[in-house]
Amino acid sequence: MQTITKVGMADMNIVQDPGVITTLGLGSCVGIILYDKAIKTAGLVHIMLPSSKHIKNNENKAKFADTGIQLLLDKMMERGCTRSRITAKIAGGSQMFSFQTNNEIMKIGERNVLATKEILQLLNIPIIAEDTGGNYGRTIEFYSNNGKLIIKTIGHGVHEI
Amino acid sequence: MDLSIEDLNNLHLDVLREIGNIGAGNAATALAGLINKRIDMNVPSVKILDFNDVSAVLGGEEIVVSGVYFEVDGDIEGNIMFLLDLRSAKVLTNILMGREDPSNELDEMDHSALQEIGNILSGAYISSLSSLTNLNIKISIPSLCIDMAGAIISVPAIQFGYMGDKVLLIETILQDGNDTVKGNFFLIPEAKSFKTLLNSLGVYT
């Protein structure tokens, strides 16, 4: 039986075949899925901010792209994943509200995506699929048995990457 | 040192509840004027919630809600978001336009009506906050978004995320006869402004 594991904001988890891992209503946050195809193990981290640096209250590692992705990778290695086999799929990072001003906070989705890509590159993890940007929310479901990522939206359909 | 949400004590919360009360009271009066009906308002609750409990208050991450968002500028900086569930949004736009549309679909007319409602409510809210604190507070034009609650809430949650792992929510229930409209305000002052806000109200931090 497939069990569905839910990951909340600033949180992470890992599932194994036949588990499904999901995060609901991603807006400006980014969902990063790391997957080891050979042992069908998948991890998901739901980050909110690009960097833990210059933030006083940064103990919650899963909240930030820099510390969150690293922590997920470490946990996956503990679960027996092989680093060279790990690939990534990413989704989210939208701009929910549009404003004329150049307020930095409004571009947080874009910055989250950029930081995510930078960190994955540093860690040498290839991004094999992504669905980012836009101005709408996404619910994502990753199937650890076949590596498919389903993306559901309101008014922008359902698709698979 | 900047104040974080976790540092708020009971006195601070009472003050914020009172701000919420007065602000929402003004907002209800403004709304009543707009639709020319009596609007009752209950005492708002001020909640400090974990990120993941905010969408639960609204009925889940995937529930479609409408959010109107503003930038706050002047003596304090931050944002205000006014959130309505889809049914409440429809009740309000129906009243505003004097029609009865039983569907839960929001068309272009509903969108501009919601933007205007959000504008009036938040304007009334901010002007009462401004006269209460003697602070000069301005708000930007509104931006509307109708989407999953989780995705909309990620915007204030991220801003609160700079300060800690909690979100400050001011919940209000507005009532017009049998039509209950549940609205939520998120007041999102930047860390420094939180202190300014509380200080101006005589609650020294």
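From a predicted model like this one, the values you see are computed outputs, not experimental measurements.

Peer 1: I would appreciate a short explanation of the layout of surface pockets in the present structure.
Peer 2: To find leftover empty space, a probe the size of one water molecule is rolled over the atoms. Residue and element names in this part refer to chain B. The volume enclosed by the second largest pocket comes to roughly 180 Å³. Lining the second largest pocket are 13 residues, and of these V91, N94, R99, E100 and D101 sit closest to its centre. Considering only residue class, the lining of the second largest pocket consists of three nonpolar, three polar and seven charged.

Peer 1: How should I be thinking about the sheet that holds strand β1 (residues 4–6) of chain A in this particular structure?
Peer 2: Pairing between the strands of a sheet is mediated by backbone hydrogen bonds and can be parallel or antiparallel. Residues and elements named next belong to chain A. On the basis of which strands lie adjacent, the open sheet formed by five strands has the order β1-β3-β8-β9-β10 and mixed pairing. Bordering the open sheet on either side are β1 and β10 (158–160), each of which pairs with just one other strand. Each strand of the sheet is rotated relative to its neighbour by a mean of 20°, with strand direction disregarded.

Peer 1: How do you make sense of the confidence of the model for chain B when you look at a structure like this?
Peer 2: If pLDDT is low for a region, its predicted coordinates should not be looked at in detail. Residue and element names in this part refer to chain B. Averaged over every residue, the pLDDT of chain B is 80; residues scoring 70 or more account for 93%. Taken element by element, chain B is modelled with least confidence in strand β1 (residues 40–41), mean pLDDT 71, and with most confidence in strand β6 (residues 143–148), mean pLDDT 92. With a pTM of 0.87, the predicted complex shows an ipTM of 0.90.

Peer 1: Can you help me understand the side chain of T153 of chain A in this one?
Peer 2: Residues and elements named next belong to chain A. With respect to the element layout, T153 can be found in the loop between β9 (148–152) and β10. In this structure T153 comes out as buried when scored by relative accessible area, which is 13%. A distance of 3.0 Å separates the side chain of T153 from the backbone nitrogen of H156, its partner in a polar contact. Looking at T153, its side chain comes within polar contact range of the main-chain oxygen of G157, at 2.7 Å.

Peer 1: I keep staring at the interface of chain B and chain A and nothing clicks. Help me out?
Peer 2: Many descriptions give the size of an interface as the accessible area lost when the pieces come together. If you look at the interface, chain B gives 35 residues, while chain A gives 36 residues. When chain B packs against chain A, close to 2800 Å² is buried across both sides, 64% of that on carbon and sulfur atoms. Here chain B and chain A share one salt bridge between them. Put simply, E61 of chain B and K6 of chain A hold a salt bridge, and the shortest N to O gap is 3.2 Å. Viewed at the interface, chain A and chain B are joined by eight residue pairs in polar contact (both at pLDDT 80 or more). Those elements giving two or more residues to the side of chain B that touches chain A turn out to be α2 (51–58), β3 (64–74), β6 and α5 (149–161) of chain B. Residue composition of the side of chain B that touches chain A, grouped by class: 19 nonpolar, nine polar and seven charged.

Peer 1: Help me out: how do you make sense of the packing of helix α3 (residues 86–96) of chain B against helix α4 (residues 108–133) of chain B in this one?
Peer 2: The relative placement of two packed helices is expressed as an angle between their axes plus a distance between the axes. All names here are of chain B. Direction vectors running N to C along α3 and α4 enclose 95°, while the axes themselves pass 10 Å from each other. On the basis of the axis angle, α3 is roughly perpendicular to α4. Contacts from A89, K90, L92, T93 and L96 in α3 reach D110, A113, L114 and I117 in α4. Along the lines of polarity and charge, the residues of the contact of α3 with α4 split into six nonpolar, one polar and two charged.

Peer 1: Which parts of the structure should I look at to understand empty space enclosed by the protein?
Peer 2: Following the criterion strictly, the structure yields two cavities of 30 Å³ or more and no others. Empty space within the largest cavity amounts to approximately 50 Å³. Forming the walls of the largest cavity are K6, V7, G8, M9, T23, L24 and H46 of chain A together with N52, S55, E61 and G150 of chain B. Of the residues that constitute the lining of the largest cavity, the class distribution is three nonpolar, six polar and two charged.

Peer 1: Explanation requested: the sheet that holds strand β5 (residues 41–47) of chain A in the structure shown.
Peer 2: Residues and elements named next belong to chain A. Read from one edge to the other, the open sheet built from five strands follows the order β2-β5-β4-β6-β7, with strand pairing classed as mixed. Strands with a single pairing partner mark the edges of an open sheet, and in this sheet they are β2 (12–16) and β7 (127–132). Each adjacent strand pair in this sheet contributes to an overall mean axis angle of 15°, direction not counted. Contacting β2, β4 (30–36), β5 and β6 (86–92), helix α1 (residues 65–78) crosses the sheet at an angle of about 160° to β5.

Peer 1: Just checking my understanding: could you explain the environment of T41 of chain A for this structure?
Peer 2: All names here are of chain A. By the secondary structure assignment, T41 is in strand β5. Exposure remark for T41: the relative accessible area of 0% places this residue in the buried category. C-alpha separation for the pair T41 and R85, spaced 44 residues apart in sequence, amounts to 11 Å. In this structure T41 touches I14, V15, Q16, L34, Y35, D36, M76 and C81, once residues within four positions along its chain are discounted. Here Q16 takes part through its side chain, which lies 3.5 Å from a polar atom of the side chain of T41.

Peer 1: Looking at this structure, how should I read α1 of chain A?
Peer 2: Helical geometry: 3.6 residues make up each α-helical turn, so side chains three or four residues apart lie on a common side. The terminal C-alpha atoms of α1 of chain A lie 20 Å apart, and with 14 residues this matches the ideal 20 Å at 1.5 Å per residue to within 8%. Just past α1 of chain A, the residue G80 of chain A takes up positive phi, approximately 95°.

Peer 1: Please explain the packing of α1 of chain A against helix α2 (residues 108–122) of chain A as it appears in this structure.
Peer 2: Residue and element names in this part refer to chain A. Axis separation between α1 and α2 bottoms out at 9 Å; the angle between their running directions is 45°. By the criterion of interaxial angle, the relationship of α1 to α2 is oblique. Helix-helix and strand crossings are classified by hand; for α1 and α2 the assignment is right-handed. Contacts between α1 and α2 involve A65, D66 and I69 from the former and A115, T116, I119 and L120 from the latter.

Calculation criteria
Residues numbered from 1 in each chain as written. Chains lettered and ligands numbered in written order. Predicted model: local features only at pLDDT ≥ 70, side-chain atom pairs only at ≥ 80, totals over all residues. Heavy atoms only, no water. 1 Å grid on protein atoms, 1.4 Å probe; cavity = no way out; pocket = protein on both sides within 12 Å on 5 of 7 lines; lining within 4 Å. Points joined across faces, edges and corners; volume = space filled by probe spheres on them. Nonpolar A, V, L, I, M, F, W, Y, C, P; charged D, E, K, R; others polar. Pairing = 2+ DSSP bridges. Helix = DSSP H or I, 4+ residues; strand = E, 2+ residues; numbered from the N terminus. Axes fitted to C-alpha atoms, helices over the stretch in contact; angles between N-to-C directions. pLDDT = per-residue confidence, 0-100. Buried < 20%, exposed > 50% of the residue type's maximum accessible area, 1.4 Å probe, protein only. Polar contact = N/O pair within 3.5 Å; in protein donor to acceptor, adjacent residues only side chain to side chain. Contact = heavy atoms within 4.5 Å. Buried area = accessible area lost by both parts, 1.4 Å probe. Salt bridge = Lys/Arg side-chain N within 4 Å of Asp/Glu carboxyl O. Parallel < 35°, antiparallel > 145°, perpendicular 65-115°, else oblique. Expected span 1.5 Å × (residues − 1). Left-handed = near helix turned anticlockwise from the far one by under 90°.

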